[in-house]
Amino acid sequence: MKISDEISPKTFQGNGVERGRQTSDLDEFHIVDIGAIDSTLFPLEYSRKIFYTATLLQGNYILEFEDRNIEIFGNSLLFTTNKIPFGIHAIDGYKGLSCVFKEEFITKSNSGYRLLELPIYKPGRQNIYFLTEAQARNFITIYTKIDNESKADSDFKFNLLRNYLLEIIFNAQKLEAASSFVKTNSTAEVIACSFIRLLESQFPIDSPQDIIKLRTSKDFADELALHPNYLNRQVKLSKGRTVSDIIAARLVQEAKILLKLTNWQIAEISYVLGFEEPSHFNLFFKKHANASPTQYRKLK
């Protein structure tokens, strides 16, 4: 069965994603026609920061994860979190629909569920479900309801969209888990990879307005829905260094780049790297680089 048999490929153009590109006014929930994307790489890389997806794919694809590539074919469901970046290569063209949404779209207060408590979206997982024709028809029906409601002007629009999305999630969780669960090598490696990717997603810093948001172990632990001590243990087990050591090393690396390649004032560099006072940045940099920011900038 083709999705186009049920839904026109033009249906989703302009619904918050233009030609597969994030627009500035993208809000908490959108549905995307993958068939409208004309890239050789499905551009869901923005999902690594704030977006989750529930995607119905048709055709042959190669999914690229940290440690492996996975080939999928036919009708399949792909659920991705913002914790593990990935890529999708289409072998013979893109066909499908994707619900793209923020964590705030499903919360205890608005649905009775917390997104990260649902098995499909627990940290460290990307779930793939291979569908029979009958199963594909059932999911296409739900996606069709989402499409219709997304274009409606109703006071209860987002309540219905949320319910339909949960209908997709709950129906997927009833499918065979053994053929749908994908993870990287170990818990420690999964968590360390997610932490490193979150850290790197804040760089490079391109302007004095690009202020990093995640600076401490607690910041990253909160983002990954983990306890700070547990995060630190798993990262140290995988990388041999603490979370704080890795963060500090990356901040020093970026500081050196900004000191050498920009004419920003040291106070500006201090600010974008998350230091409340330039004096705190000076002490931090001197401790790790054996020179003050001013001295380092003068070095050839």
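To be clear, the structure that these remarks concern was listed above.
Note that the structure is a prediction, hence the values are computed from the model and not measured.

Asks: Explanation requested: the pairing of strand 10 (residues 96-102) in the structure shown.
Replies: The buried fraction of strand 10 amounts to six of the seven residues, a majority that puts the element mostly inside the structure. Strand direction decides the pairing type here: strand 3 (residues 29-33) and strand 10, joined by five bridges, are antiparallel. Bridge pairing in strand 10 places histidine 30 opposite valine 100. Here seven bridges tie strand 5 (residues 51-58) to strand 10, and the two strands are oriented antiparallel to one another. Of the residues in strand 10, the one forming a bridge with tyrosine 52 is phenylalanine 101.

Asks: In this structure, what is going on with the packing of helix 7 (residues 243-261) against helix 9 (residues 278-289)? I would like to understand it.
Replies: When two helices pack together, their arrangement is given by the angle between the helix axes and the distance between those axes. Between helix 7 and helix 9, the shortest axis-to-axis distance is 10 Å and the interhelical angle comes to 100°. Between helix 7 and helix 9, the crossing angle belongs to the class labelled roughly perpendicular. Where helix 7 abuts helix 9, its residues Ala248, Leu251, Val252, Ala255, Lys256 and Leu259 lie against Phe281, Phe284, Phe285, His288 and Ala289. Looking at the contact of helix 7 with helix 9, its residues break down into nine nonpolar, one polar and one charged.

Asks: Before we go on, may I ask you to explain the pattern of salt bridges in this structure?
Replies: Side-chain pairs of opposite charge can arise where the charged atoms are in close proximity. The full count for this structure, using the stated rule, is six salt bridges. Among the ionic pairs, glutamate 167 bridges to lysine 145, the shortest N-O distance being 3.3 Å. Of this pair, glutamate 167 sits in helix 3 (residues 157-173) while lysine 145 sits in helix 2 (residues 133-150), placing them 22 residues apart in sequence. Here lysine 145 falls in the partly exposed class, since its relative accessible area comes to 30%.

Asks: Can you help me understand the pairing of strand 7 (residues 69-72) in this one?
Replies: It is a general feature of regular strands that their side chains alternate between the two faces of the sheet. A one-sided burial pattern is seen for strand 7, the buried positions being Ile70 and Ile72 and the unburied ones Asn69 and Glu71. Two elements, strand 6 (residues 61-64) and strand 7, share four bridges in a ladder whose sense is antiparallel. Note on strand 7: the bridge partner recorded for tyrosine 61 is isoleucine 72.

Asks: Got a minute to help me understand the nonpolar core in this structure?
Replies: Side chains that are nonpolar tend, in soluble globular proteins, to be buried together. In terms of nonpolar packing, the biggest core is built from 35 residues, with Phe195, Phe220, Leu231, Leu273 and Phe281 touching the most fellow members. Elements supplying a minimum of two residues to this core: helix 4 (187-200), helix 5 (217-223), helix 6 (228-239), helix 7, helix 8 (266-272) and helix 9. It is helix 7 that contributes the most residues to this core, nine residues altogether. Once residues lying within four places of it in the same chain are set aside, the contact partners of phenylalanine 220 are Phe195, Leu198, Leu199, Gln202, Leu214, Arg215, Leu231 and Ile247. Counting 33 residues, the second-largest nonpolar core is a separate cluster that includes Ile31, Tyr52, Leu116 and Phe139.

Asks: What should I look at first to understand the side chain of arginine 162 in this one?
Replies: Take arginine 162: it is sitting in helix 3. The side chain of arginine 162 is buried and forms no salt bridge, while glutamate 28, the nearest opposite charge, is found at 5.0 Å. A polar atom in the side chain of arginine 162 sits 3.4 Å from the side chain of asparagine 110. Once you skip the residues sitting within four places of it in the chain, arginine 162 turns out to touch Phe105, Ile106, Asn110 and Ser111.

About the thresholds
- Residues numbered from 1 in each chain as written.
- Predicted model: local features only at pLDDT ≥ 70, side-chain atom pairs only at ≥ 80, totals over all residues.
- Heavy atoms only, no water.
- Buried < 20%, exposed > 50% of the residue type's maximum accessible area, 1.4 Å probe, protein only.
- Helix = DSSP H or I, 4+ residues; strand = E, 2+ residues; numbered from the N terminus.
- Pairing = 2+ DSSP bridges.
- Axes fitted to C-alpha atoms, helices over the stretch in contact; angles between N-to-C directions.
- Parallel < 35°, antiparallel > 145°, perpendicular 65-115°, else oblique.
- Contact = heavy atoms within 4.5 Å.
- Nonpolar A, V, L, I, M, F, W, Y, C, P; charged D, E, K, R; others polar.
- Salt bridge = Lys/Arg side-chain N within 4 Å of Asp/Glu carboxyl O.
- Core = buried A, V, L, I, M, F, W, Y, C linked by side-chain atoms within 4.5 Å.
- Lys, Arg positive; Asp, Glu negative; His and termini not counted.
- Polar contact = N/O pair within 3.5 Å; in protein donor to acceptor, adjacent residues only side chain to side chain.

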